[in-house]
Amino acid sequence: MALHRTNSFVILSKTSLYMLIRIVFLCLILIIIELYAFQALKTLVKDKWILTFYQVFSSLLLVYIVYSFLQFDRSVGQTKQTMLSTALLLLVYVPKMILSIVLLGEDVFRLGAGSVNYFTMKDEHVSFLASRRKFVSQIGLGIAAVPFLSLLYGVTIGKYNYKVIKQRIFFDDLPDDFDGFTVTHISDVHSGSFDNPEKINYAIDLINEQNSDMILFTGDIVNTDAKEMNPWIDTFKRIQKHQYGKYSVLGNHDYGEYVTWPTEKDKQDNFQAIKDVYGEIDFKLLLNEHKYIEKGNSKIALVGVENWGHNFKKLGDIDKASEHIQKEDFKILMSHDPSHWDYIVQHHDKNFHLTLSGHTHGMQFGIEIPGFFKWSLAQYVYKQWAGLYQNAGRYVYVNRGFGFHAYPGRVGIMPEITVIELKKAKNVA
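Per chain, the residues get numbers from 1 upward, laid out in the order the sequence is written. Only residues with pLDDT of at least 70 get local features here, since the model is predicted, and only at 80 or more are side-chain atom pairs given and counted; chain-wide, interface and lining totals rely on the full set of residues. The side-chain values count all of the structure's non-hydrogen atoms but skip hydrogen atoms and water molecules.

## What to know about the confidence of the model for the chain
Interpretation of the predicted coordinates at a detailed level should be avoided for regions scoring low in pLDDT.
So, step 1. Confidence of the predictor in every single residue is expressed as pLDDT, which spans 0 to 100. Scored by pLDDT, the chain has a mean of 91; 93% of the residues are at 70 or more.
So, step 2. Two residues qualify as a contact provided that any one of their heavy atoms is within 4.5 Å of a heavy atom in the partner residue. Segment residues 8–12: pLDDT under 50, and zero contacts once partners within four positions in sequence are set aside and those in other chains are kept.

Encoded structure:
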């Protein structure tokens, strides 16, 4: 027993040491960035009081950000304070980091020029390092203003700038009765992050305006705790009844895996409460199961799996969910994490025609010019991260998410309500 306690203490000590090292390293990086940013300001501003105010304000802001992250409570998870701290960290230090890179480039040039002068003895009266050039600091500040204004827009406007994206997909073997069938797809609500009822009600109105045949919700109704949804249940119950139903699956955040619970029972009680919440907003939760949707003389299979992620617990059981479904049946699969499609679904023998996913949020930051260009850091983590992808006639659509998480904003990658129209491909003789 003593040995077990000693080993646990050693593991805990190592974990704490690694965390301390990371915090110290981060602080050093931030301090270096602050020093460079101050150098840029000092080049342009000569008023002593302005410089002093800047130093005091920046120091207090840095202390607040570091303190906030040190106070993170894993038993609670994300809070409004941690989201504010994340927003401040990005708003303040991403622009300053870019400014620092510009000034670092100038320093490399100054050092090179000084070294050449020193070793060639061209001019003994010229100092080794030339003075900073005002125009370089001006250029640096101009470049840094772009991410600052973008991130500020993301926090104030972008996070609720809902876009309705319409996608038409053609299938050779779509049953005739389902030609033109429409599906509204939402994902990643993250209700614990919301702070504006008016904007959420506007988004619900947008959903209802689509007047689709069916609505599908691919998970992450909360960040962690079922209680996060309590203020929003009546709002989401306003989603109108769709003729062919309202269905949902679970996302990774619905399992409560990202916080430390007092007991396993508390975790399981919260998990059950989250599953119940889906029912409270009138969505039928599919847990590794399927349902046939019938229209006229035809039917399609709607399959819903629990979350399966390449970097998460693999709880989704596609074989169980599709048991008794025939290979030739037309199938729509709901699976929260698109890595499931990448690793399993696109190669599955049952031939899943269309998979609907979410999860990535497009990292809530990127650049999109519809039909021409699409970029986000998400693409370096997920092969399928936003929009429609296909392989051998099998499709996956990755919704960019309804809500937001961690960073309380969206830049370039807007919150999405998807409307997918299923179309019968016309055979060309």
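Having seen the structure, we can now continue with the description.
## A look at the sheet that holds strand E9 (residues 354–357)
So, step 1. One open sheet holds the six strands; their spatial order is E6-E7-E8-E9-E13-E12, and the pairing between them is mixed. With one partner strand each, in any of the chains shown, strand E6 (289–295) and strand E12 (387–391) form the two edges of the open sheet. With strand direction ignored, the average angle separating the axes of adjacent strands in the sheet is 20 degrees.
So, step 2. Only when DSSP finds a minimum of two bridges between them are two strands counted as paired. For helices the rule is a DSSP run of H or I covering at least 4 residues; for strands it is a run of E covering at least 2, with both sets numbered from the N terminus onward. Sheet topology note: the strand E7 (residues 298–304)/strand E8 (residues 331–334) ladder contains four bridges and is parallel. If you follow Gly 304 over to E8, its bridge partner there is Met 334. In this analysis, axes come from line fits to C-alpha atoms, helices being fitted only over the stretch in contact, and the angle between any two N-to-C directions falls in the range 0 to 180 degrees.

## As for helix H7 (residues 264–280)
So, step 1. Between the first and last residue of a helix there are one fewer steps than residues, each counted as 1.5 Å, and that sum is the expected span. The terminal C-alpha atoms of H7, which comprises 17 residues, lie 24 Å apart, in line with the 24 Å expected from a rise of 1.5 Å per residue.
So, step 2. Buried residues of H7: Lys 267, Asn 270, Phe 271, Ile 274, Val 277 and Tyr 278, and no others. Buried positions in H7, seen along its axis, are confined to an arc of 110 degrees and lie on one side of it.
So, step 3. Where H7 is buried, its residues contact strand E3 (214–217), strand E4 (246–248) and strand E5 (284–285).
So, step 4. Positive backbone phi, at 70 degrees, marks Asp 282, one or two positions downstream of H7. When a residue's accessible area, from a 1.4 Å probe over protein chains only, is under 20% of the maximum for its type it is buried; when over 50% it is exposed; and in between it is partly exposed. Throughout, the arc means that of the directions going from the helix axis to the C-beta atoms.

## Things to note about the side chain of His 190
So, step 1. Among the structural elements, His 190 can be located in the loop between strand E2 (182–186) and helix H5 (197–209).
So, step 2. Among the residues examined, His 190 registers a relative accessible area of 0% and is labelled buried.
So, step 3. In this structure the side chain of His 190 is engaged in a polar contact, spanning 2.8 Å, whose partner is the side chain of Asn 223.
So, step 4. Two N or O atoms count as a polar contact when they lie within 3.5 Å, although within protein this holds only if one can serve as hydrogen donor and the other as acceptor, and sequence-adjacent residues are included solely when both atoms are side-chain atoms. At 3.2 Å, the side chain of His 190 and the side chain of His 361 are in polar contact.
So, step 5. Ignoring sequence-local partners within four residues, the contact set of His 190 consists of Asp 220, Ile 221, Val 222, Asn 223, His 253, His 361, Phe 404 and His 405.

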